[in-house]
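# Tertiary structure, described
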Amino acid sequence: MSDVLLIATHNQGKVAELEALLVNTDVEVLDLKQLEIHSVSDESGTTFIANAIQKARYYAELSDMLTIADDSGLEVEALGGRPGVNTARYGGPGLTSIQRYQLLLEELRNVPWEKRTAKFCCVAALAKPNGLIKTAVGECRGVISFEPSGDAGFGYDPVFFLPDYGMTMAELEPHDKQKISHRGRAVRKILPALEEILSAR
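In this report, the structure presented in the accompanying data block is examined. (Residues numbered from 1 in each chain as written. Predicted model: local features only at pLDDT ≥ 70, side-chain atom pairs only at ≥ 80, totals over all residues. Heavy atoms only, no water.)

## Observations regarding helix α5 (residues 182-199)
Counted at 1.5 Å a residue, the expected span for α5 with its 18 residues is 26 Å, and the 27 Å between its end C-alpha atoms agrees. The principal kink in α5, of about 35 degrees, is found at L191, preceding the proline P192 by one to four residues. For α5, the complete set of buried residues consists of H182, R183, G184, A186, V187, I190, L191, A193, L194, I197 and L198. (Helix = DSSP H or I, 4+ residues; strand = E, 2+ residues; numbered from the N terminus. Expected span 1.5 Å × (residues − 1). Bend = angle between axes of the 7 residues up to and from the residue. Buried < 20%, exposed > 50% of the residue type's maximum accessible area, 1.4 Å probe, protein only.)

## Looking at the side chain of S63
Mapped onto the secondary structure, S63 falls in helix α2 (residues 48-63). Of note is the side chain of S63, whose polar atom sits 3.3 Å from the backbone nitrogen of M65. S63 has contacts with L6 and I37, leaving out every residue within four places of it along the chain. (Polar contact = N/O pair within 3.5 Å; in protein donor to acceptor, adjacent residues only side chain to side chain. Contact = heavy atoms within 4.5 Å.)

## Concerning the nonpolar core
If you look at the biggest cluster of nonpolar residues, it comprises 22 residues, and the most contacted ones within it are L5, I7, L22, L66, L126, I190 and L194. Those elements that provide at least two residues to this core are β1 (3-7), α1 (12-21), β2 (27-31), β3 (66-76), β4 (117-127) and α5. Here this core gets 8 residues from one element, more than from any other, and that element is α5. Of all hydrophobic cores here, the second largest spans 20 residues; its members include Y90, A118, L162 and M169. (Core = buried A, V, L, I, M, F, W, Y, C linked by side-chain atoms within 4.5 Å.)

## As for α2
Think of an α-helix as turning once every 3.6 residues; residues three or four places apart then point the same way. Counted at 1.5 Å a residue, the expected span for α2 with its 16 residues is 22 Å, and the 22 Å between its end C-alpha atoms agrees. Along α2, the residues that are buried comprise F48, N51, A52, K55, A56, Y59, A60 and S63. Along the axis of α2, the buried positions cluster into a sector of 155 degrees, meaning they face one direction only. With its phi angle positive at about 60 degrees, D64 sits one or two positions after the end of α2. (Arc of directions from axis to C-beta.)

## Overview of the sheet that holds β1
Here 7 strands make up an open sheet; going across it, the order is β2-β1-β3-β4-β5-β6-β7 and the pairing mixed. Each edge of the open sheet carries a strand with a single partner, namely β2 and β7 (167-168). For β3 and β4, the ladder comprises 10 bridges, and the chain directions are antiparallel. Across the sheet, residue A69 finds its bridge partner in β4, namely A125. (Pairing = 2+ DSSP bridges.)

And the structure:
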């Protein structure tokens, strides 16, 4: 029987990215939707690492499976690092991703280009049902654009401009995004820990 890894997120955009990043590993990848797990982990931490560990541990115990979770978000320098850990809840409950980035653009309406620097941050966490935790951090730096562009990706990708590429994250081809994204960098860093856990079984 092959080793199984649970991707612990209800965000299908994240599921797709994580599946692509894990495609060359020797694990069978499942997600919460496939297992019909509808419960939502508490995210009461004040840091990405605290929330990532919280989610990984919660779903590992719930499923009794080796689990990978992540917590990620956008930190904008002109906003003092906001929205940060509240990225997915920015502006309050019930908003769409488009409404959230439109709110961000409105907050930055009078901020000049050179002061619109930002970074995406991601902490990936691996957890076993017995509580073993491994973490890895990834970052991607860019600039918040004046208007959205591109229809790939999800979340704030349409307004996250990458100067080295001359386009937003939402305009990148998926394989290019994997190379430079915060999530791609975090997951690649945690792969050795995954291999170590699997080899010890």
